[in-house]
Amino acid sequence: MTLAEPTAETVAEAARLLRDGRLVAFPTETVYGLGGDATNERAVAAIFEAKGRPQFNPLISHVLDAASAKAFVKWNDNAEKLAARFWPGPLTLVLPRAEGSTISLLATAGLDTVAIRAPSHPVAQALIRAAGRPVAAPSANRSGAVSPTRAEHVAESLGERVPMILDGGPCLVGVESTVLDLSGNRPTLLRPGGATREAIEAVVGPIALSDAIPSGESARKSPGQLASHYAPSRPVRLEATSVGPDEGLLAFGPEVPQGAMLSYNLSPSGDLGEAAANLFAMLRALDRPGIGRIAVMPIPQAGLGLAINDRLRRAAADDGTGQRR
Ligand code: AMP
Ligand code: MG
């Protein structure tokens, strides 16, 4: 595996790998992605294989802009308005598959919709442009584990499973994209993320929320919304207002309970953007020998707090097997 600084040469090399059906990890503004040619079934199969991801959980395809998205999905008025406001940026749109769309069927897990986004990170854009095709890219970590926001996290998690990692430094947003379903009558939030609900509603009016932790019908509609995800190997305790000596504390804001074995503050000033950017790196740093449990202080449920609390709830959830991942 090569850990490469992004230059014209290394991006061209990465694009060659993608066109050959190989995988490349690359920075986006949300988290690091594990990219493969979205139109190549074997490349997409290799993504699922490298992540150990269940194949019923579809992938997001990354494109440069709305004009290129239209070759792969049936565009509509809300998509037009939202792309104008948020693209390039951390908003994924779920739209009906366009006739003749060349997106791999495996990438969409056999659904008749496609999840698509235009990332704003310049390295991601350069790579997509050089590859000349849409890039399917879930987060560059083993399935179920904490998402990577630095190139080192990718190397730790995927190592030799990925031939090349482009190192673009820490991700600025730090949580995954918001996933918004525009294929039905009313826009529906499938996953809170880097684009806030408030900002989306300012463009399209009130949106529907899918269940926080869906089951039955809504689980089938957004198969990726598993209860346990983003999980460190230690147990996670939420809404902590005090902390024990065997616990690592993930703090937020200026008033921090004392007595933890180890403590990191997501944002001493209480800034949710700063907290989102620090979330996964600090969860990783607390997930270490000697720590019995990770205690997390309450985070306000507004703006980016929706995405942060969603990830924390899944980090705290049991995966149903009695085992932590
Ligand atoms: P990840 O690749 O880990 O960022 O996850 C992508 C998210 O988008 C998962 O929650 C998927 O379930 C969701 N997703 C991808 N494609 C679709 C689709 N066609 N319909 C509904 N949800 C989707
Ligand atoms: Mg992921």
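Residues numbered from 1 in each chain as written. Chains lettered and ligands numbered in written order. Predicted model: local features only at pLDDT ≥ 70, side-chain atom pairs only at ≥ 80, totals over all residues. Heavy atoms only, no water.

Topic: the nonpolar core
Trp75, Leu82, Trp87, Leu91, Leu93, Leu180 and Ile200 are the most contacted members of the largest nonpolar core, which totals 47 residues. Counting only elements with at least two residues in this core, the list comes to α2 (41–51), α3 (66–69), α4 (77–86), β5 (91–96), β6 (113–117), α6 (151–158) and α7 (197–204). Every residue in contact with Leu91, bar those within four places of it in the chain, is listed here: Leu82, Phe86, Ile116, Arg117, Ser177, Thr178, Leu180, Ala195 and Ile200. Membership of the second largest hydrophobic core comes to 26 residues, among which are Val173, Tyr230, Leu250 and Ala307. (Core = buried A, V, L, I, M, F, W, Y, C linked by side-chain atoms within 4.5 Å. Buried < 20%, exposed > 50% of the residue type's maximum accessible area, 1.4 Å probe, protein only. Helix = DSSP H or I, 4+ residues; strand = E, 2+ residues; numbered from the N terminus. Contact = heavy atoms within 4.5 Å.)

What to know about the confidence of the model for the chain
Per-residue confidence for the chain gives a mean pLDDT of 93, with 92% of residues at or over 70. Confidence over residues 212–216 falls short of pLDDT 50; this stretch has 7 contacts with residues more than four positions distant or in other chains. When the criterion is pLDDT under 50, residues 320–325 qualifies, and its contacts beyond four places in sequence or with other chains add up to 17 contacts. (pLDDT = per-residue confidence, 0-100.)

So, the sheet that holds strand β12 (residues 236–237)
Sheets are built from strands paired through backbone hydrogen bonds, the pairs being either parallel or antiparallel. Pairing is parallel across the open sheet formed by 4 strands, whose spatial order is β12-β15-β13-β14. Two strands lie at the open edges of the sheet, namely β12 and β14 (262–265), each paired on one side alone. In the sheet, β12 pairs with strand β15 (residues 293–296) via 2 bridges, with the strands oriented parallel. Pairing of Val236 across the sheet is with Ile294, part of β15. Packing against the sheet, helix α9 (residues 272–286) makes contact with β13 (247–251), β14 and β15, and its axis sits at approximately 175 degrees to β14. (Pairing = 2+ DSSP bridges. Axes fitted to C-alpha atoms, helices over the stretch in contact; angles between N-to-C directions.)

A word on helix α5 (residues 122–131)
Three or more residues of α5 are buried, namely Val123, Ala124, Gln125, Leu127, Ile128 and Ala131. Packed against the buried residues of α5 are α1 (8–19), β2 (24–26), β4 (60–62), β7 (135–136) and β8 (164–166). Within two residues after α5, Gly132 carries a phi angle of roughly 70 degrees, on the positive side.

Quick word on the packing of aromatic side chains
Counted under the stated rule, the structure contains 2 aromatic pairs. Centre to centre, the rings of Trp75 and Trp87 are 5.8 Å apart; their planes meet at 55 degrees, and the pair counts as tilted. Here Trp87 lies in the loop between α4 and β5 and Trp75 lies in the loop between α3 and α4, a separation of 12 residues in the sequence. We note that Trp75, like Trp87, is buried. When the ring of Tyr230 is compared with that of Phe280, the centres are 5.9 Å apart and the planes differ by 20 degrees; the resulting orientation is stacked. In this pair, Tyr230 is assigned in the loop between α8 (216–221) and β12 and Phe280 in helix α9, connecting sequence segments 50 residues apart. Its end group placed over the ring of Phe86, Arg85 keeps NZ or CZ at 4.4 Å from the ring centre. (Phe/Tyr/Trp six-rings, centres within 6.5 Å; stacked < 30°, edge-to-face > 60°. Lys NZ or Arg CZ within 6 Å of the ring centre and 35° of its normal.)

Quick look at the environment of Gly273
Mapped onto the fold, Gly273 is located in helix α9. In this structure Gly273 comes out as partly exposed when scored by relative accessible area, which is 31%. Sequence separation between Gly273 and Gly305 is 32 residues, and the spatial gap between their C-alpha atoms is 8.6 Å.

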